[in-house]
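Chain by chain, the residues:
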Amino acid sequence: MADKPKRPLSAYMLWLNSARESIKRENPGIKVTEVAKRGGELWRGMKDKSEWEAKAAKAKDDYDRAVKDFEANGGSTAANGGGAKKRAKPVKKPAKKSKRDDSEDDDDDESE
């Protein structure tokens, strides 16, 4: 069975994937984290994001269609392991008594 379709990229991620090389060219030797930071600055400064928002909307429509086809052909979230699994919180073990605590308890018993 085919895997469940991946979620579509946001408008920002679509834009960043296309702009990444130009950001690297303008800033040689820049770190990956700095590319993302610079990309965020440029994205916030953009006036017209409609091109990228339209591409993201189309990608979301395609994704929704693909998910419906996937589920219609017998796929489900159970087939994918239930989606994102939450980790169970670790069970806390009861605190161990120190030897000193035991000896103090013994002293109390003797005085009674």
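The structure under discussion appears in the preceding block.
This is a predicted model, so every value here is computed, not measured.

Chemist: Sorry, what's going on with the environment of Leu42 here?
Modeler: Structurally, the position occupied by Leu42 is in helix H2 (residues 32-45). Sequence-wise, Leu42 and Ile23 are 19 residues apart; in three dimensions their C-alpha atoms are separated by 9.6 Å. In contact with Leu42, other than residues within four places in its own chain, are Trp15 and Ile23.

Chemist: How should I be thinking about the packing of aromatic side chains in this particular structure?
Modeler: What characterises a pair of aromatic rings is the spacing of the ring centres plus the angle enclosed by the ring planes. Counting across every chain of the model gives three aromatic pairs. On the numbers, 6.2 Å between centres and 35 degrees between planes, the contact of Tyr12 with Trp15 is tilted. Within this pair, Tyr12 and its partner Trp15 are both found in helix H1 (residues 11-26), separated by three residues, close to a single helical turn. Judged by its relative accessible area of 22%, Tyr12 is partly exposed. Taking the centre distance of 5.8 Å and the plane angle of 65 degrees together, the rings of Tyr12 and Trp43 count as edge-to-face. Placement of Tyr12 in helix H1 and of Trp43 in helix H2 is noted, with a sequence separation of 31 residues between them. Ring pairing ties together the aromatic residues Tyr12, Trp15 and Trp43, which thus form one cluster.

Conventions we followed
Residues numbered from 1 in each chain as written. Predicted model: local features only at pLDDT ≥ 70, side-chain atom pairs only at ≥ 80, totals over all residues. Heavy atoms only, no water. Helix = DSSP H or I, 4+ residues; strand = E, 2+ residues; numbered from the N terminus. Contact = heavy atoms within 4.5 Å. Phe/Tyr/Trp six-rings, centres within 6.5 Å; stacked < 30°, edge-to-face > 60°. Buried < 20%, exposed > 50% of the residue type's maximum accessible area, 1.4 Å probe, protein only.

Shape is all these values report; function is a separate question.
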